[in-house]
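For reference, the chains in residue letters:
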Amino acid sequence: MLAVDLGQDPEFAQLRDETRELALAAGFAVAGVMEARRVQPDRRHFIGAGKLAELKELMEACGAKVLVIAHAVSDGQHMRLGRELGCEVFDYPGLILTIFAKRAQTAEGKLQVELAQEIYGRAKLRGAWTHLERQRGGLGATGGPGERQIELDRRMIARRIKQLRRRLAKRHTHAQLVAAGRMKRLPTVALVGYTNAGKSTVFQALTKAAVPASARMFETLDTTTRQMHLGGGRCAALSDTVGFVRNLPHELVDAFRSTLNEAVEADLLLLVLDGQDRAGPAKLRTIQETLATIGAAGVPQLLLLNKLDLGQSPELLDSLRWDKMPFLSISALTGAGLQELRDRVAASLATPAAAVR
Ligand SMILES: Nc1nc2c(ncn2[C@@H]2O[C@H](COP(=O)(O)OP(=O)(O)OP(=O)(O)O)[C@@H](O)[C@H]2O)c(=O)[nH]1
Ligand SMILES: [Mg+2]
């Protein structure tokens, strides 16, 4: 695994550790981690020649077959690294796509992942094409067999992307109609947050519905919606959905648009953070940025610090108090704070939107 400190990211250590976690979630055993420090990436190999030689040596010494990079690299860098090191290369977006592909269960989830892969692969193919064209060398020469093949591939992928988008749109409209019928006029609440924060566990605790929760990253890819009782005969429709991570690849955000729309259309967002996590403030920023990207920044929010039973990070608490950010501490596992959560949700849904924040 390769992590490069480019000097712009104050959270480099978190990025490195998180990429390691993601590599494990993708099913790789991490044989070694190499760090490098650069002002900016090398244009050809992302890292300099000296580091590249060192990396090759390290990979040979531990028999590594795969290189995982904690950053997004260009198509050219991707190709050259693979060739130089004689191994398969996963950059950060590629790694996350691989995990999503492994986890996808439902037809919609699989379609969304396939769409994301096609979009990501198309960019890579474009890189390969530029490379071949350069190899061809000749000026003005057209119509070589290789070129025709690449052009055919591109057109096929473009057609596939269009087809996938159409199928997803159809499914989504259908699902919306079904859901609208089932949850007649119920206000909607969506759980959002970092992967592994405990969203599915909170969902289970609030709805008594069984959805898989686990310590694996990106356990949930599909949206589940159930009724949640708020007391006094009132109900809301609660949705559990896909988790966020820093730099969520734009291919995924694009492909998972319909799943993420759940958050855009909600009356209230429950932002779930792992309260014992020192990296909480950075993760909260990631959540807010992702919400802004998908157009859900304006939806009223209630911040939950989950896993109260495990303690709470003083750094996180200080940061929230400093920002005057209201929050509610809960434990989905022990049930602590859940009654107050129900009351707060009921109160916020009963008052005009803006009052919640
Ligand atoms: N101790 C403790 N563990 C919790 C609590 N809530 C969730 N967990 C654990 O945290 C892990 C992740 O929980 P999930 O509910 O799967 O998390 P998620 O946010 O749905 O994760 P993704 O679906 O991967 O995005 C699981 O191992 C849960 O058992 C809690 O209140 N206390
Ligand atoms: Mg989940």
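This is a predicted model, so every value here is computed, not measured.

### Overview of the overall build of the protein
Looking only at helices and strands, the protein has 12 helices and 10 strands in total. A total of 357 residues make up the protein; the buried ones form 47% of that total. Restricting the contact set of the protein to residue pairs at least 6 apart, pairs at least 24 apart contribute 69%. Accessible surface, the protein: about 17900 Å² in total, of which carbon and sulfur atoms supply 53%.

### Remarks on the site of ligand 1
Taken together, 24 residues sit near ligand 1, with Lys199, Thr201, Glu219, Thr220 and Asp309 positioned nearest. Between ligand 1 and the protein, one listed contact pairs an oxygen atom with a backbone N or O atom of Ala215 at 3.4 Å. In the environment of ligand 1, an oxygen atom lies 3.2 Å from a nitrogen or oxygen atom belonging to the backbone of Leu333. Calculation on ligand 1 without its partners gives an accessible area of 660 Å², and the protein chains cover 89% of this total. Looking at the shell around ligand 1, the element that brings in the most residues is helix H7 (residues 199–207), giving three residues. By residue class, the composition of the shell around ligand 1 is nine nonpolar, 10 polar and five charged.

### Comments concerning the pairing of strand E2 (residues 34–37)
Burial along E2 is one-sided: Met34 and Ala36 are buried, while Glu35 and Arg37, pointing the other way, are not. In this sheet, E2 lies alongside strand E1 (residues 2–5) in parallel orientation, the contact comprising four bridges. For Ala3, the partnering residue across the bridge sits in E2 and is Glu35.

### A closer look at the coordination of the magnesium ion (ligand 2)
Protein-derived ligands of the magnesium ion (ligand 2) are Ser200 (OG) and Thr220 (OG1), with the metal-ligand distances lying across 2.0 to 2.1 Å. Of the two residues, Ser200 sits in helix H7 while Thr220 sits in the loop between H7 and strand E6 (224–231), which places them 20 residues apart along the sequence. On the basis of relative accessible area, Ser200 is assigned to the buried category, the value being 7%.

### Regarding the confidence of the model for the protein
Mean pLDDT over the protein stands at 85; residues scoring 70 or higher make up 87%. Segment residues 126–141 is flagged for pLDDT under 50; beyond a separation of four residues in sequence, or across chains, it makes 13 contacts in the model.

### Observations regarding the packing of aromatic side chains
For the coordinates displayed, the defined rule picks out three aromatic pairs. Their ring planes at 55 degrees and their centres at 5.3 Å tell us that Phe28 and Phe90 sit as a pair that is tilted. Linking Phe28 in the loop between helix H1 (12–25) and E2 with Phe90 in strand E4 (residues 88–90), this pair joins segments that are 62 residues apart in sequence. Here Phe28 falls in the partly exposed class, since its relative accessible area comes to 22%. Given the relative accessible area of 13%, Phe90 is considered buried. Ring geometry for Phe100 versus Phe218: centroids 4.7 Å apart, planes at 55 degrees, classification tilted. You can see Phe100 sitting in helix H4 (residues 92–103) and its partner Phe218 sitting in the loop between H7 and E6, a full 118 residues away along the chain.

### A closer look at unusual backbone geometry
You will see that Asn247, though not glycine, has its phi angle at about 50 degrees, which is positive. Among the secondary structure elements, Asn247 is positioned in the loop between strand E7 (234–240) and helix H8 (250–255). Taking relative accessible area as the criterion, Asn247 reaches 54% and is therefore assigned exposed. Phi angles above zero are rare outside glycine, and Lys324 is one such case at about 55 degrees. Position of Lys324 among the secondary structure elements: in the loop between helix H11 (314–322) and strand E10 (328–329). Overall, the relative accessible area of 74% leaves Lys324 in the exposed class.

### Observations regarding helix H10 (residues 280–294)
With 15 residues, H10 ought to run about 21 Å at 1.5 Å a step, and its terminal C-alpha atoms sit 21 Å apart, in line with that. Listing the buried residues of H10 in full gives Gly280, Pro281, Ala282, Lys283, Leu284, Thr286, Ile287, Thr290, Leu291 and Ile294. Just downstream of H10 lies Gly295, where phi reads positive at about 85 degrees.

### Quick word on the environment of Glu57
Turning to its location among the elements, Glu57 is positioned in helix H2 (residues 49–61). The spatial distance from the C-alpha of Glu57 to the C-alpha of Leu85 is 9.4 Å, given a sequence separation of 28 residues.

### Here's the deal with the pairing of strand E8 (residues 268–274)
Most of E8 is tucked away: seven of the seven residues are buried. Residue alternation in E8 divides its side chains into two sets, Leu268, Leu270, Val272 and Asp274 and Leu269, Leu271 and Leu273, and both sets are buried. Where strand E5 (residues 188–193) meets E8, five bridges bridge the pair, whose relative direction is parallel. What sits directly across from Leu191, in E8, is Leu270. The sheet contact formed by E8 and strand E9 (residues 301–306) spans six bridges and is parallel. In the sheet register, Leu271 faces E9, and the bridge partner there is Leu303. Read from E8 through H10 to E9, the crossover connection turns out right-handed.

### Section: the nonpolar core
Proteins that are soluble and globular tend to have nonpolar side chains buried together. Counting residues in hydrophobic clusters, the biggest one holds 59 residues, and the most contacted among them are Phe100, Phe218, Leu269 and Leu291. Setting aside anything within four residues of it in sequence, one finds Leu291 in contact with Val192, Phe244, Ala263, Leu269, Leu271, Ala296, Ala297 and Gln301. Counting residues in hydrophobic clusters, the runner-up holds 25 residues, among them Phe203, Leu304, Ile330 and Ala346.

The rules behind each value
- Residues numbered from 1 in each chain as written.
- Chains lettered and ligands numbered in written order.
- Predicted model: local features only at pLDDT ≥ 70, side-chain atom pairs only at ≥ 80, totals over all residues.
- Heavy atoms only, no water.
- Helix = DSSP H or I, 4+ residues; strand = E, 2+ residues; numbered from the N terminus.
- Buried < 20%, exposed > 50% of the residue type's maximum accessible area, 1.4 Å probe, protein only.
- Contact = heavy atoms within 4.5 Å.
- Areas by Shrake-Rupley, 256 points an atom, 1.4 Å probe, with all protein chains shown as cover.
- Near = heavy atom within 4 Å.
- Polar contact = N/O pair within 3.5 Å; in protein donor to acceptor, adjacent residues only side chain to side chain.
- Nonpolar A, V, L, I, M, F, W, Y, C, P; charged D, E, K, R; others polar.
- Pairing = 2+ DSSP bridges.
- Donors = N, O, S within 2.8 Å, 3.2 Å for Na, K, Ca; no water.
- pLDDT = per-residue confidence, 0-100.
- Phe/Tyr/Trp six-rings, centres within 6.5 Å; stacked < 30°, edge-to-face > 60°.
- Expected span 1.5 Å × (residues − 1).
- Right-handed = clockwise from strand over helix to strand, strands pointing away.
- Core = buried A, V, L, I, M, F, W, Y, C linked by side-chain atoms within 4.5 Å.

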